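Chain by chain, the residues:
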Amino acid sequence: MKKKKNNLILIVSLLLITGFVATSLASYYVSMSLLRSQIIKNELPLTSDNIYSEIQRDLLPPVFISSLMAHDTFLRDWVISGETDVTQVTRYLKEIQDKYHTFTSFFVSDRTKNYYHSDGILKKVNPEQVRDKWYFRVQSMESDYETNVDPDMANKDSMTVFINYRVFDYQNNFIGATGVGLTVSAVKDLIKKYQQDYDRNIYFVDKKGELKLHTSSLLSNIKNIGKIEGISSIASEILSKPTGRFMYKKKGEIFHLNTRYIPEFKWYLLVEQPEGKETKQLFNALLINLSLCALITIIVLSLTNLTISSYQKRLEKIAMTDKLTGIYNRQAFDMILNPILKDIQRKKFVLSAILMDIDFFKKVNDEFGHVAGDAFLKNTVKISMDAIRDSDVLFRWGGEEFLILLKECSLDDAYRISEKIRQTMQDTPTVYKGHKIFSTISLGVCHYHPFENEDSLIARVDKLLYKAKQKGRNRSEIESS
């Protein structure tokens, strides 16, 4: 019955929502395709171009300043003349730093290996020192300069973006490296500004894919784009060409990525945009349409379900309830006993059973009529219900037979209940049209044995009832412990 009801509701549901969903989804996906094309072909490339223009405006001046320093005749002449007056170069570096508002300025001599800073000689660079490796890398590189992120010893090891520019004498011999630095926090502030202005995720990576600058707190422990979810599978492709457009999934959401190589820094600029922000309105419209569909469907299905459930409950009640007495009938026994037996396996409680039969009930029908017999059966049920607990279950087992299941009730307690019912039946007549009808009952009492089936339980209690009748009726026969 329940399966047929569910099938009917399912068919009605499909008929109602198929049209709504098909139309809504078709409209949504067409609009999504157009928006996606707009993001890939127009929005992200334009954003990347704008950010690149701003990078040139904001970060290229340090490169220009470093280039001026590397070609400054004062600095080259000072080195060629033997670096005799340290105050001259420190004053020069101080003026560069103050004039152009850089975080630091420096010069490292290839002849003496002195690291000159605006406050004087900071140290001598040593190829054995890990933090000096940058200089010896610059010494042998082919390009004129590099951009590098390193701790600045002169400023309490603050992470700094250095422009390391190679310096040559007039015969084109390498004589040192010079440049300026910006704090990473200052550069990150610029990137954060770009991110706020354009509402995009922005990353800078070198040719090896190493993350140089970004503003995402989620990437604090990630050093290479090959480890970033979504980007990892396309990292090699990104680094193999000067520009690119990509689409991937990250944390269940679709992202679009535009990449371009910035030769001035020898870094790649990655501009990432989640699709969800752009498609939110479309998705909300889809949700509204689907919500209306769901609402209409729920209303119709609720009315259908109420109607079907009402008839189903009436049918179930008719099927499980004894029409005369209003208690459960024999057909309901399996449905009620099975959950009880499962509870016994989990909770390990005692279940007892009482099977009772009205003595000489045929005589009541023959002497007073079947209507009087029905009244007597109803009175028997009332007396039994008064004697048992709310957790106990009473069944009409046959014509004049009744079965009681008593949860968490010991055999002795069940026997006391059976005796209470027997005694009350013996002493309480059924009054029908001025006649007082007396009769007695016989009862069998037993308890459930672990893992036995219901047939075994019924057979044992029925045997005890038969034994009570054999011993003269109007008695309770209890199972021996």
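Keep in mind that what you see is a predicted model, and the values were worked out from it rather than measured.

**Looking at the sheet that holds strand S12 (residues 351-358)**
Strands sit in the order S13-S14-S12-S17-S18 across an open sheet of five strands; the sheet is mixed. Of all the strands in the sheet, just strand S13 (393-396) and strand S18 (476-478) have a single pairing partner and so form its edges. Put simply, the sheet's adjacent strands are angled 15° from each other on average, direction ignored. Bridge count between strand S17 (residues 441-447) and S18: three bridges; the pairing is parallel. Bridging across to S18, Leu443 finds its partner in Ser476. With respect to the sheet, helix H8 (residues 333-347) is in contact with S12, S13 and strand S14 (401-407), its orientation differing from that of S14 by roughly 25°. On top of the sheet, helix H11 (residues 411-427) reaches S12, S14, S17 and S18; it is set at about 170° to S17, its chief contact.

**Describing empty space enclosed by the protein**
This structure, assessed with the given rule, holds two cavities of 30 Å³ or more. Within this model, the second largest cavity holds a volume of roughly 30 Å³. Ile40, Leu44, Pro45, Arg245, Phe246, His256, Leu257 and Asn258 together form the lining of the second largest cavity. Counting residues per element, the ones that place at least two in the lining of the second largest cavity are helix H1 (2-70), strand S9 (243-250) and strand S10 (253-262). Tallied by class, residues from the lining of the second largest cavity come to five nonpolar, two polar and one charged.

**Considering the pattern of salt bridges**
In this structure the tally under the stated criterion is 22 salt bridges. Across the pair Lys469 and Asp359 runs a salt bridge whose closest N-O atoms are separated by 3.2 Å. Here the residue Lys469 occupies a position in helix H12 (residues 454-470), and Asp359 occupies one in the loop between S12 and helix H9 (361-368), the gap between them amounting to 110 residues. Residue Asp359 is classed as buried on the basis of its relative accessible area, which comes to 1%.

**Brief notes about the packing of helix H2 (residues 73-80) against helix H3 (residues 86-100)**
At their nearest, the axes of H2 and H3 sit 11 Å apart, and the two run at 155° to each other. Here H3 runs roughly antiparallel to H2, going by the angle between their axes. Seen from above, H2 lies across H3 with left-handed handedness. Across from Phe74, Leu75 and Trp78 in H2, the residues of H3 making contact are Val86, Gln88, Val89 and Tyr92. Taken together, the residues of the contact of H2 with H3 break down into six nonpolar, one polar and no charged.

What counts as what
Residues numbered from 1 in each chain as written. Predicted model: local features only at pLDDT ≥ 70, side-chain atom pairs only at ≥ 80, totals over all residues. Heavy atoms only, no water. Pairing = 2+ DSSP bridges. Helix = DSSP H or I, 4+ residues; strand = E, 2+ residues; numbered from the N terminus. Axes fitted to C-alpha atoms, helices over the stretch in contact; angles between N-to-C directions. Contact = heavy atoms within 4.5 Å. 1 Å grid on protein atoms, 1.4 Å probe; cavity = no way out; pocket = protein on both sides within 12 Å on 5 of 7 lines; lining within 4 Å. Points joined across faces, edges and corners; volume = space filled by probe spheres on them. Nonpolar A, V, L, I, M, F, W, Y, C, P; charged D, E, K, R; others polar. Salt bridge = Lys/Arg side-chain N within 4 Å of Asp/Glu carboxyl O. Buried < 20%, exposed > 50% of the residue type's maximum accessible area, 1.4 Å probe, protein only. Parallel < 35°, antiparallel > 145°, perpendicular 65-115°, else oblique. Left-handed = near helix turned anticlockwise from the far one by under 90°.

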